[in-house]
Structures are given as structure tokens and as C-alpha cells.
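Each chain is listed here by its residues.
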Amino acid sequence: MGNLPWMVQILILAVWMLAIPTAAGACFRPALGAERRKSGNKLLFFWVSGQMLLWGVFQLICVPLVLLEREFGLVVKLFGIAAVLLAVCGVVLSIMSVRRQGSLRVLASADSERFFSKGKAWLWILFAALLLLQLVQAVRLAYRDGDDAYYVAVSTITENAETMYQKLPYTGGTTEVDIRHGLAPFPIWIAFLARVSGVRAVSVAHVAVPLLLIPMTYGIFYLLGKKLFAKRERFLPLFLIFTELLVIFGDYSFYTVENFMIARSRQGKAALGSIVLPMLFLLLLTLLERMQENQKFGVGNWILLCCAILAGCLCSTMGAFLLCMLLAVTGLCAAVSYRKWKVLVPLALCCVPCVCYALIYVLM
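Residues numbered from 1 in each chain as written. Predicted model: local features only at pLDDT ≥ 70, side-chain atom pairs only at ≥ 80, totals over all residues. Heavy atoms only, no water.

## Regarding the overall build of the protein chain
Turning to step 1, where the next piece is worked out: Looking only at helices and strands, one finds 16 helices and 0 strands in the protein chain.
Turning to step 2, where the next piece is worked out: Each of the 364 residues in the protein chain was classed as buried or not, and the buried ones make up 52%.
Turning to step 3, where the next piece is worked out: The contacts in the protein chain between residues at least 6 apart in sequence include a share of 74% that link residues at least 24 apart.
Turning to step 4, where the next piece is worked out: Looking at the protein chain as shown, the accessible area adds up to about 17,600 Å², and 68% of this sits on carbon and sulfur atoms. (Helix = DSSP H or I, 4+ residues; strand = E, 2+ residues; numbered from the N terminus. Buried < 20%, exposed > 50% of the residue type's maximum accessible area, 1.4 Å probe, protein only. Contact = heavy atoms within 4.5 Å. Areas by Shrake-Rupley, 256 points an atom, 1.4 Å probe, with all protein chains shown as cover.)

Here is the structure:
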């Protein structure tokens, strides 16, 4: 792939970062509520949920191969095949859904058209301008921090040496498998993108990943805002603009969430705090809404929740503990509030991957 023209490499990278996750996310079409299925937000939902699905599958494939000390090329083959199959399944489900409906509906909904006609378009323009500013600065001011000496080096070594967590990123010397970091192989996912596209791992980490994850973060907050301001949608752009201002002026410490999102988005901890946790809040809020309205939280929603849990484990070993705590607290509050104790069973099942990875970490 390294011999391809740079424009072709960028196109391949865009396909793997945008098109394939969106197509795979169409597998969660049944998880969409009736209201959202009629709106133009489904492509955004498919993109985000598809990325959760692909991250979850990557975690299931990569961690066993890391522990078995297999070569990186096997991860590329297995995950590449799985991702393409999931994307094909999503496209097939979408075609079947369109045929059942009898016609292809336009993506822009009447609700959004009415919203923009109320003179709030300038707020969305301001939101887009602030987002563009963050993307430009995230790339233009890309800098090395202490963790880069490990995480980006791991991606580069994996791309070139075919080994995963068996070489010291500081010196390049051979070592035993790093179990702690091997259980959260987010840098290996970056190396996968570099391998399939031909773009250098360091360029993927410092340029492509921020351009992907920062808009995805605001996409999740947009979906959250649609729920929080369902009856006052005119406040949605203000909500997003104030969120952007908090991010832009939140770099008062090296360890803030805002710093991770803008300056360190190539690291798994940033994806955990900026993407996976907000996505879990969105799914759990949907769960509570369904319980309050005595509606069913479908199988697709539970699968997506489990994928988000696996994605959190991919991002950080600490994610396994944090996500279990979040599900436990939410489940207990929901069970007590709505007198529906059965919800604890599927929530506990969603925690099984976290428990397994935590046990592997403790035992090994």
C-alpha cells in the first residue's frame, strides 16, 4: 500500500474511517426509534454505532492474538474480513428496509427544514466554524507528549515489525508481551489503518485520528442534545456551541478531558472519555426512556451497548472498571425507580467482557 499515490491512500483511509463504519452501523437499523428513523440523523447514528461495532470486534479479535503472540498481519486479515462482512450486512439490511418501505426517503427531514427556517441557521454556522477551528488547530498544533513515546511508537513498530507489544517502544529491544497495554490495543487499531491505507502510522495518529474522533465526539453530543432538548430543539445549537467553548478553553491542565480530546485524541484514553462514555450515556438514557414509557429495549440496543463496552475495553484497561461501575449504578437506580429488577440481568451480561479482561489483567 505504501507505493500507492497519496490521494489514493487518503481515499482508502477515508473509506475505512467513514464509509465502512457507516455501512456496518446500518446493522443497528432496528435499534433506531420510530421518530429517529424518519429523520435525517440516522446516518450520524449509523456512523457512530458502526464505529462502536468495529471497535468491539477489533477488541475481540486482537486481544487473543496479542496474548498468543501472533503476527500483526493475521489481525489485519481477520479484522479486515470481519469489517467488510459487517458493512455488507448493513448495506443489505438497508436495501431490504428501503424495499419494504416502497420508496427511498430523503435524508433531510421536514423537522430540520422547519428548524433552519426559524432563523437559527447562523447558530449552526457558528458551531461549524468553531468545529473547523478545532480541527485545524488539532492538526496544525500537533505536538509530542510523554505518552507519544509509547503509544505512537507502538503503532509504528507494529506497522513495520509485525509484532504486537513484544518490542520496547523506547529502545526497540525485544521483551515479553506487555499484558497491561495488550489488553487495550488501541494503538494496534491505528497501525491497522496505516497498514490498509499505506499512510504512515505517525501521520494516521497525529492527523487522521483527530479529524475522525473530534467530529464523532460532537456527533454523539448532538444525538444526546436531541434527547435532552426534544421539546426545545431551538436550544440544541446553543448546547453544542457552549460544549465547544468548554473544550476550547478547557486546557487549563494537562489531564483535562478537553486536553485529551483536542491534543491527545490519538490515545485510547481520549477515545474512552470523549466518545465511549458519552455514547454509553446516550444508550443508557435511551434505556431509561424506554423503561419509563413501558417500551422494550430491543436486542439491537443491547448488542450496541455491549459493543460500546468492548470499545471502552479497547481504549483503556481502566475502561473495564469504569464502565462496569457506570452500568451497575445506572442499573440499580433504574431498578429501584421503575421497580423493574429484570433489567439488572442484561446489564450484568453486558459487563461480562469487562470482568473477563479484568480477570486476565489480574491473573497475568
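## Things to note about unusual backbone geometry
Of all residues except glycine, most have a negative phi; of all peptide bonds, most are trans.
Turning to step 1, where the next piece is worked out: In the Ramachandran plot, Tyr165 falls in the positive-phi region, its phi being about 60° despite a non-glycine side chain.
Turning to step 2, where the next piece is worked out: Structurally, Tyr165 can be placed in the loop between α6 (151-161) and α7 (179-182).
Turning to step 3, where the next piece is worked out: The backbone of Arg339 shows a phi angle near 55°, a positive value even though the residue is not glycine.
Turning to step 4, where the next piece is worked out: Locating Arg339 in the fold gives a position in the loop between α14 (317-338) and α15 (344-350).

## Section: the pattern of salt bridges
Turning to step 1, where the next piece is worked out: Within the structure shown, the criterion is met by 4 salt bridges.
Turning to step 2, where the next piece is worked out: One salt bridge connects Glu71 with Arg70, and the closest N-O pair in it is separated by 3.9 Å.
Turning to step 3, where the next piece is worked out: The partner of Glu289 in a salt bridge is Lys227, with the nearest N and O atoms 2.9 Å apart. Of this pair, Glu289 sits in helix α12 (residues 268-292) while Lys227 sits in helix α9 (residues 201-228), placing them 62 residues apart in sequence.
Turning to step 4, where the next piece is worked out: The partly exposed category is assigned to Glu289, whose relative accessible area is 27%. (Salt bridge = Lys/Arg side-chain N within 4 Å of Asp/Glu carboxyl O.)

## Observations concerning empty space enclosed by the protein
Turning to step 1, where the next piece is worked out: Using the criterion set out here, one finds 4 cavities of 30 Å³ or more in the structure.
Turning to step 2, where the next piece is worked out: Roughly 60 Å³ of internal volume is contained in the largest cavity.
Turning to step 3, where the next piece is worked out: Every residue lining the largest cavity is listed: Leu183, Cys313, Thr317, Ala320, Phe321, Tyr357, Ala358 and Tyr361.
Turning to step 4, where the next piece is worked out: Tallied by class, residues from the lining of the largest cavity come to 7 nonpolar, 1 polar and no charged. (1 Å grid on protein atoms, 1.4 Å probe; cavity = no way out; pocket = protein on both sides within 12 Å on 5 of 7 lines; lining within 4 Å. Points joined across faces, edges and corners; volume = space filled by probe spheres on them. Nonpolar A, V, L, I, M, F, W, Y, C, P; charged D, E, K, R; others polar.)

## Considerations on helix α3 (residues 42-67)
Given 3.6 residues per turn, any residue in an α-helix points the same way as the ones three and four places further on.
Turning to step 1, where the next piece is worked out: Taking 1.5 Å of rise per residue, the 26 residues of α3 would be expected to cover 38 Å, and the 37 Å separating its terminal C-alpha atoms lies within 8% of that figure.
Turning to step 2, where the next piece is worked out: With respect to burial, α3 is a largely interior element, 21 of its 26 residues being buried. (Expected span 1.5 Å × (residues − 1).)

## Looking at a nonpolar patch on the surface
Turning to step 1, where the next piece is worked out: A surface patch of nonpolar side chains, amounting to about 920 Å² of accessible area, comprises Met318, Phe321, Leu322, Met325, Val355, Leu359, Tyr361, Val362 and Leu363.
Turning to step 2, where the next piece is worked out: Elements with a minimum of two residues in the nonpolar patch: α14 and α16 (352-363).
Turning to step 3, where the next piece is worked out: Mapped onto the fold, Met325 is located in helix α14. (Patch = residues over 30% accessible without salt bridge, like charges linked within 9 Å, V, L, I, M, F, W, Y side chains within 5 Å.)

## Looking at α6
Turning to step 1, where the next piece is worked out: Here α6 lies mainly inside the structure; 8 of its 11 residues are buried.
Turning to step 2, where the next piece is worked out: Residues Tyr151, Val152, Ala153, Val154, Ser155, Ile157, Thr158 and Glu159 constitute the buried set of α6.
Turning to step 3, where the next piece is worked out: Once α6 finishes, Glu162 follows within two positions and takes phi at roughly 65°, a positive value.

## Observations concerning the state of the cysteines
Turning to step 1, where the next piece is worked out: What the rule picks out here adds up to 0 disulfides.
Turning to step 2, where the next piece is worked out: Free of any disulfide, Cys313 has its nearest cysteine sulfur in Cys354, 3.7 Å distant.
Turning to step 3, where the next piece is worked out: Under the relative-accessibility criterion, Cys313 is labelled buried at 2%. (Disulfide = S-S within 2.5 Å.)

## Quick look at the packing of α3 against helix α8 (residues 186-197)
Turning to step 1, where the next piece is worked out: Packing of α3 against α8 leaves a shortest axis separation of 11 Å and a crossing angle of 105°. As far as their axial angle goes, α8 and α3 are roughly perpendicular. Two secondary-structure elements touch here, α3 through Gln51, Trp55, Phe58 and Cys62 and α8 through Phe186, Ile188, Trp189 and Phe192.
Turning to step 2, where the next piece is worked out: Per-class residue counts for the contact of α3 with α8 are 7 nonpolar, 1 polar and no charged. (Axes fitted to C-alpha atoms, helices over the stretch in contact; angles between N-to-C directions. Parallel < 35°, antiparallel > 145°, perpendicular 65-115°, else oblique.)

## Overview of the layout of surface pockets
Turning to step 1, where the next piece is worked out: Estimates place the volume of the second largest pocket at around 420 Å³.
Turning to step 2, where the next piece is worked out: In this structure, the second largest pocket is lined by 21 residues; those nearest its centre are Val257, Glu258, Gly273, Ser274 and Pro278.
Turning to step 3, where the next piece is worked out: Among the secondary structure elements, those contributing two or more residues to the lining of the second largest pocket are α9, α10 (236-248), α11 (257-263) and α12.
Turning to step 4, where the next piece is worked out: For the lining of the second largest pocket, the leading source of residues is α12, giving 8 residues.
Turning to step 5, where the next piece is worked out: Taken together, the residues that form the lining of the second largest pocket break down as 14 nonpolar, 5 polar and 2 charged.

## A short note on the confidence of the model for the protein chain
Low pLDDT means the predicted atomic positions in that stretch should not be read closely.
Turning to step 1, where the next piece is worked out: Mean pLDDT over the protein chain: 84, with 90% of residues reaching 70 or higher.
Turning to step 2, where the next piece is worked out: In the predicted structure, residues 103-113 sits below a pLDDT of 50 and forms 11 contacts with residues beyond four places in sequence or in another chain. (pLDDT = per-residue confidence, 0-100.)

## Regarding the environment of Trp124
Turning to step 1, where the next piece is worked out: Mapped onto the secondary structure, Trp124 falls in helix α5 (residues 110-140).
Turning to step 2, where the next piece is worked out: With a relative accessible area of 15%, Trp124 lands in the buried category.
Turning to step 3, where the next piece is worked out: Between the C-alpha atoms of Trp124 and Ile241, which are 117 residues apart in sequence, the distance is 8.5 Å.

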